[in-house]
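# Residue-level structural notes
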Amino acid sequence: MWTLPVSEIETVSLTNFTGKVACTVFTIGCNLRCRYCYNKSLVLKTEKPADLEKIKDKIKRLPLKNIAITGGEPLVHSGLGDFLYFLKDLGFEIKLDTNGTFPERLKDILDKRLVDYVAVDIKAFKDDDFKYITRVDHGYEKVKKSITLLKESQVPFEMRYTVWKVPMREEFSNFFGDLPTSQMDTLYVQKFVSNSYILDKLFNPDVTDEDLRQMIVILSNFLTVKMRNA
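Quick summary incoming for the structure in this document.

This next bit is on helix 8 (residues 209-219). Taken as a whole, helix 8 has its buried residues at Leu 212, Met 215, Ile 216 and Leu 219. One side of helix 8 holds all its buried residues, which, seen down the axis, span an arc of 100°. Buried positions along helix 8 lie against strand 6 (157-163), helix 7 (169-177), strand 7 (186-191) and strand 8 (224-228).

In structure tokens:
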């Protein structure tokens, strides 16, 4: 029996599972308060959890066998593992979205081979920026640990960065310099787009297309870089 606060299931998505058509489960709750986050109701837990029995029945009847689990932050919930077992028993291929700040829970899931693909968000490339954008005083080193675990696990994964700031080359070098990543690994970057739903309504960074282009050129020295939502 699994328990997990789920808000809804999106039955078809072309974007939430890289390279696949998938359904999407949204979990409620997060340990970060990212200024640009647009899932406000999930992060602040103002979203009412759906009835679990109805969610179970809906999942069992889904025609697709690819599923993405996002939030919020799924790994904030201790019951996630039981949910993953439930999905695996039904034959699902599973993608997990995470902010990377729960490396111990991530390792347990990776060791048990409960996910088939992981997307980990890089909120910032240095500790001070991480604290500013997430409004949390810890987590930067945990994200790096999660990336290392993913690389060692050989579970396919991607990294993602919403470009709210263009870091200096030295910041990229320091971040990736002590990680086992290589040109074989992929970082998806997307430009920040403001809207009325973000957590910090006054947050509006000034990043130009030229800034973005130059950043991608620099990042390409460390790994494969691809654009999303261009």
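Now, onward.
Take unusual backbone geometry next. In the segment running from Gly 71 into Gly 72, the intervening peptide bond is cis, with an omega of 15°. For Gly 72, the position within the fold is in the loop between strand 3 (66-70) and helix 3 (80-89). The phi angle at Arg 113 is positive, at roughly 55°, despite the residue not being glycine. Phi is positive for Arg 135, which is not a glycine, with a value near 60°. Residue classification places Arg 135 among the partly exposed residues on the basis of a relative accessible area of 38%.

There is a patch of nonpolar side chains on the surface, built from Val 12, Leu 14 and Val 21 and spanning about 290 Å² of accessible area. With respect to the helices and strands, Val 12 occurs in strand 1 (residues 6-17).

Right, let's talk about the pattern of salt bridges for a bit. Per the counting criterion, the structure on display carries 18 salt bridges. Among the ionic pairs, Glu 53 bridges to Lys 56, the shortest N-O distance being 3.6 Å. Placement of both Glu 53 and Lys 56 in helix 2 (residues 52-60) is noted, with a separation of 3 residues, approximately one turn of the helix. Classification of Glu 53 as partly exposed rests on a relative accessible area of 44%.

Per the counting criterion, the structure on display carries 0 disulfides. This cysteine, Cys 30, is not joined by any disulfide, and Cys 34 carries the nearest cysteine sulfur, 6.3 Å off. Residue Cys 37 stays outside any disulfide, its sulfur separated by 6.3 Å from that of Cys 34, the closest cysteine.

Before going further, it helps to spend a moment on the layout of surface pockets. Volume-wise, the largest pocket comes out at about 1,000 Å³. Together, 41 residues line the largest pocket, and Tyr 38, Asn 39, Asp 121, Arg 160 and Gln 190 are the ones closest to its centre. For the lining of the largest pocket, the secondary structure elements donating two or more residues are strand 1, strand 4 (93-98), strand 6 and strand 7. In terms of residue class, the lining of the largest pocket is made up of 16 nonpolar, 14 polar and 11 charged.

The mixed open sheet is built from 8 strands, whose spatial order is 1-2-3-4-5-6-7-8. Of all strands in the sheet, those with a lone pairing partner are strand 1 and strand 8, marking the two edges. Strand-to-strand twist across the sheet, computed as the mean angle between neighbouring axes with direction ignored, equals 25°. Sheet analysis places strand 2 (residues 20-27) next to strand 3, joined by 4 bridges and oriented parallel. Each bridged residue has a counterpart across the sheet, and for Thr 24 the counterpart in strand 3 is Ala 68. Running at roughly 170° to strand 3, helix 3 makes contact with strand 2, strand 3 and strand 4 of the sheet.

We now examine the pairing of strand 4. Across a regular strand the side chains alternate sides, sitting on one face of the sheet and then on the other. With 5 of 6 residues buried, strand 4 lies mostly within the body of the structure. Note: strand 3 against strand 4, 4 bridges, orientation parallel. Bridging from a neighbouring strand, Asn 66 pairs with Glu 93 of strand 4. As judged from the 4 bridges shared by strand 4 and strand 5 (residues 117-121), these two strands associate in the parallel manner. Looking across to strand 5, one finds that Asp 97 is bridged to Ala 119.

Each value, and the rule that gives it
- Residues numbered from 1 in each chain as written.
- Predicted model: local features only at pLDDT ≥ 70, side-chain atom pairs only at ≥ 80, totals over all residues.
- Heavy atoms only, no water.
- Buried < 20%, exposed > 50% of the residue type's maximum accessible area, 1.4 Å probe, protein only.
- Helix = DSSP H or I, 4+ residues; strand = E, 2+ residues; numbered from the N terminus.
- Arc of directions from axis to C-beta.
- Contact = heavy atoms within 4.5 Å.
- Patch = residues over 30% accessible without salt bridge, like charges linked within 9 Å, V, L, I, M, F, W, Y side chains within 5 Å.
- Areas by Shrake-Rupley, 256 points an atom, 1.4 Å probe, with all protein chains shown as cover.
- Salt bridge = Lys/Arg side-chain N within 4 Å of Asp/Glu carboxyl O.
- Disulfide = S-S within 2.5 Å.
- 1 Å grid on protein atoms, 1.4 Å probe; cavity = no way out; pocket = protein on both sides within 12 Å on 5 of 7 lines; lining within 4 Å.
- Points joined across faces, edges and corners; volume = space filled by probe spheres on them.
- Nonpolar A, V, L, I, M, F, W, Y, C, P; charged D, E, K, R; others polar.
- Pairing = 2+ DSSP bridges.
- Axes fitted to C-alpha atoms, helices over the stretch in contact; angles between N-to-C directions.

Shape is all these values report; function is a separate question.
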